[in-house]
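The lines below spell out each chain.
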Amino acid sequence: QQQVKQSPQSLIVQKGGISIINCAYENTAFDYFPWYQQFPGKGPALLIAIRPDVSEKKEGRFTISFNKSAKQFSLHIMDSQPGDSATYFCAASISGTYKYIFGTGTRLKVLA
Amino acid sequence: GAGVSQSPSNKVTEKGKDVELRCDPISGHTALYWYRQSLGQGLEFLIYFQGNSAPDKSGLPSDRFSAERTGGSVSTLTIQRTQQEDSAVYLCASRRTGGSQPQHFGDGTRLSIL
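Presented here is a report on the structure given in the accompanying data block. Being a predicted model, the structure only gives us computed values, none of them experimental.

**What to know about the environment of Pro 8 of chain A**
All names here are of chain A. With respect to the helices and strands, Pro 8 occurs in the loop between strand 1 (4-7) and strand 2 (10-14). We classify Pro 8 as partly exposed; its relative accessible area is 28%. For the pair Pro 8 and Gln 81, spaced 73 residues apart in sequence, the C-alpha to C-alpha distance is 19 Å. Apart from residues lying up to four places away in sequence, Pro 8 is in contact with Ile 20, Ile 21, Gly 105 and Thr 106.

Spelled out as structure tokens, the structure:
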């Protein structure tokens, strides 16, 4: 119930392509879904976040798509660049509580 | 503004020694978390602080691990009698409480046990 399942574990994309990372959850009480980007030697940094009252949120080349009925959300990186090569974590939490549940991470490599 | 600061950035020590890791959260952030990240792995929750109290210590792997927070600010994670399996990156995060607030992470302490 508390798990967030993230896939794929690793992803290789050509420069200019679309990177897609998926996450699924079971607990319908989750109402905040952030994505984090982590470069080697650095801590995770908040990339973009969504609440379930919207189906999509876009910030630059990064888009979160949210499917409430399927209990799934995904990160799309358009026009992927080598500088996007990093590990991406999805997460879920319940507003007003402290608990964050993180996915297991996706290692993205964008080939030049 | 200043982000979450962790020190030291790297720590190499011999098996059996005690180590102390420090986290300076963002000013005004009352919630503080410690995580452990093994090489190429995900984030393992260790402990959560709200102010100076730790209502959730469920992730601490053994009684060799302890943490405290003073003045609602700085936190220290102490590992006693270190073992080789303790080698990992220890990450600290802080956030405001209330509503939907993201966690802000430091860059971690890379701990290596020889």
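There's plenty left to go through after this.
**Points about the sheet that holds strand 6 (residues 56-59) of chain A**
Residue and element names in this part refer to chain A. Overall, antiparallel pairing links the 5 strands, which are arranged 1-3-8-7-6 in an open sheet. Both outer strands of the open sheet, strand 1 and strand 6, are each paired with one neighbouring strand and no more. Taken over all neighbouring pairs, the strand axes of this sheet differ in orientation by 15 degrees on average, direction set aside. One ladder, built from 4 bridges, connects strand 6 with strand 7 (residues 62-67); its direction is antiparallel. Paired with Glu 59 across the bridge in strand 7 is Phe 62.

**A word on the state of the cysteines**
For the structure on display, the rule yields 2 disulfides over all chains. Each sulfur in the disulfide pair Cys 23 of chain A and Cys 90 of chain A lies 1.9 Å from the other. The S-S bond linking Cys 23 of chain A to Cys 90 of chain A shows a torsion near -95 degrees; that makes this disulfide left-handed. In this pair, Cys 23 of chain A sits in strand 3 (residues 19-25) while Cys 90 of chain A sits in strand 9 (residues 86-93), placing the two residues 67 residues apart along the sequence. The class of Cys 90 of chain A is buried, set by a relative accessible area of 0%. Here Cys 23 of chain B engages in a disulfide with Cys 92 of chain B; their sulfurs sit 1.9 Å apart. Around the S-S axis, the bridge from Cys 23 of chain B to Cys 92 of chain B shows a dihedral of about -65 degrees and counts as left-handed. Placement of Cys 23 of chain B in strand 3 (residues 19-24) and of Cys 92 of chain B in strand 9 (residues 88-95) is noted, with a sequence separation of 69 residues between them.

**Some thoughts on the packing of aromatic side chains**
Per the stated rule, a full pass over the model turns up 19 aromatic pairs over all chains. Aromatic side chains Tyr 25 of chain A and Phe 30 of chain A sit 6.1 Å apart centroid to centroid with 65 degrees between the ring planes, which places their arrangement in the edge-to-face category. Relative accessible area serves as the criterion here: at 5%, Tyr 25 of chain A is assigned to the buried category. By relative accessible area, which is 4% here, Phe 30 of chain A ends up buried. Among the aromatic residues, those joined into a ring-pair cluster are Tyr 32, Tyr 36, Tyr 98, Tyr 100 and Phe 102 of chain A together with Tyr 33, Tyr 35, Phe 45, Tyr 48 and Phe 105 of chain B. The cationic tip of Lys 99 of chain A hangs over the ring face of Phe 45 of chain B; the distance from NZ or CZ to the ring centre is 4.3 Å.

Definitions and cut-offs
- Along each chain, residues carry numbers from 1 onward, in the same order as the chain's sequence is written.
- Chain letters start at A and ligand numbers start at 1, both assigned in the order the entries are written.
- Local features are withheld for residues below a pLDDT of 70 in this predicted model, meaning they are given only at 70 or higher, and side-chain atom pairs are given and counted only at 80 or more; totals for whole chains, interfaces and linings count all residues.
- Side-chain metrics rest on all non-hydrogen atoms present in the structure, leaving aside hydrogens and water.
- Each helix corresponds to a stretch of at least 4 residues labelled H or I by DSSP, and each strand to a stretch of at least 2 residues labelled E; elements are numbered beginning at the N terminus.
- Residue burial is assigned from relative accessible area. The probe radius is 1.4 Å, only protein chains are included, and a residue is buried under 20% of its type maximum, exposed over 50%, and partly exposed in between.
- Between two residues, a contact is recorded if the distance between any of their heavy atoms is within 4.5 Å.
- A strand pair is defined by DSSP finding two or more bridges across the two strands.
- The axes used here are C-alpha line fits, helices contributing only the stretch in contact, and every angle between their N-to-C directions lies in the interval 0 to 180 degrees.
- Here, a disulfide means two cysteine sulfur atoms that sit within 2.5 Å of each other.
- Stacked, edge-to-face and tilted labels apply to pairs of Phe, Tyr and Trp rings (six-membered ring for Trp) whose centres lie within 6.5 Å, assigned for plane angles under 30 degrees, over 60, and everything in between, in that order.
- Distance and angle both matter: a charge sits over a ring if NZ of Lys or CZ of Arg is within 6 Å of the ring centre and within 35 degrees of the ring normal.

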